[in-house]
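Structure assessment
What follows is the residue order along each chain.
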Amino acid sequence: TDVAWAAAGGGGGKIVQVLGTTYATAEDSSSSTFGATGLSQAITLADDSNKCIVLCEMGGVQKDASNTKVQFKLQRSIDGGAETTIGIEPNAGYNALTPGNGAGWAILDSPATTAEITYHVEFASQTNTAVVYCQVNSATSSITLIEVDA
């Protein structure tokens, strides 16, 4: 029997643009209040129905004591407006008493806008009792934004 393949249809799933950046300056905090890691990237989607895949990889994650963990969260701001938390990595520290550990995640976001969107990563010391770090020893963190056609 003959097998016929359907022609590829239009729309949906095509990559529209890819933007990314890296950051390698060490940051530290002993506060449970989230603060900047220095990692940020902006994108303007071509269509408000398109989605954005956000890939984050944090390098050089470390903590000074076993009584805390490094927490990360991904924030989104549309056109310079209020920040929205769209992802949290609450236990990145694990046993990171020595540098070299990393934390990463991927999130599919549906921001429903064609205004500029800025994504940035924040971090905190879970217990507010010990210092936590990212980008220790110039380890590189990265964020990549992939716009996907709806």
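Heads up: these notes are all about the structure in this document. Remember, it's a predicted structure, so these values are computed and weren't measured experimentally. (Residues numbered from 1 in each chain as written. Predicted model: local features only at pLDDT ≥ 70, side-chain atom pairs only at ≥ 80, totals over all residues. Heavy atoms only, no water.)

1. A short note on the sheet that holds strand 6 (residues 83-89)
- Taken together, the four strands give an open sheet; going across it, the order is 3-8-5-6, and neighbouring strands pair in antiparallel fashion. Both outer strands of the open sheet, strand 3 (35-44) and strand 6, are each paired with one neighbouring strand and no more. When the angles between neighbouring strand axes are averaged without regard to direction, this sheet yields 20 degrees.
- Bridge count between strand 5 (residues 70-78) and strand 6: six bridges; the pairing is antiparallel. (Pairing = 2+ DSSP bridges. Helix = DSSP H or I, 4+ residues; strand = E, 2+ residues; numbered from the N terminus. Axes fitted to C-alpha atoms, helices over the stretch in contact; angles between N-to-C directions.)

2. A closer look at the packing of aromatic side chains
- Within the structure shown, the criterion is met by two aromatic pairs.
- Seen in terms of ring centroids, F72 and W105 are 6.2 Å apart; in terms of plane orientation they differ by 35 degrees. Their pairing is tilted. In this pair, F72 sits in strand 5 while W105 sits in strand 7 (residues 101-109), placing the two residues 33 residues apart along the sequence. Neither residue differs from the other here; F72 and W105 are each classed as buried.
- With a centroid separation of 6.4 Å and an interplanar angle of 25 degrees, the aromatic rings of F72 and F123 are classed as stacked. Remark: F123 occurs in strand 8 (residues 116-125) and F72 occurs in strand 5; sequence separation between them is 51 residues. The pair formed by F72 and F123 is uniform in burial state, with each residue classed as buried. (Phe/Tyr/Trp six-rings, centres within 6.5 Å; stacked < 30°, edge-to-face > 60°. Buried < 20%, exposed > 50% of the residue type's maximum accessible area, 1.4 Å probe, protein only.)

3. Looking at the environment of V132
- Structurally, V132 can be placed in strand 9 (residues 132-134).
- Through-space distance from the C-alpha of V132 to that of D64 is 6.3 Å; in sequence the pair is 68 residues apart.
- With residues near it in sequence (within four places) discarded, V132 still touches E27, D28, S29, Q62, K63, T68, K69, V70, F123, A124 and S125. (Contact = heavy atoms within 4.5 Å.)

4. Quick notes on unusual backbone geometry
- One non-glycine residue, A112, adopts positive backbone phi at about 55 degrees.
- With respect to the helices, strands and loops of the structure, A112 is situated in the loop between strand 7 and strand 8.
- Here Q135, not a glycine, exhibits a phi torsion of approximately 60 degrees, which is positive.
- We classify Q135 as buried; its relative accessible area is 0%.

5. As for the pairing of strand 10 (residues 141-148)
- Of all eight residues that make up strand 10, six are buried, and the element is covered over most of its length.
- Bridge count for strand 1 (residues 15-23) against strand 10 is eight bridges, and the pairing is antiparallel. If you follow T22 over to strand 10, its bridge partner there is S142.
- The sheet contact formed by strand 4 (residues 51-63) and strand 10 spans seven bridges and is antiparallel. What sits directly across from K51, in strand 10, is V148.

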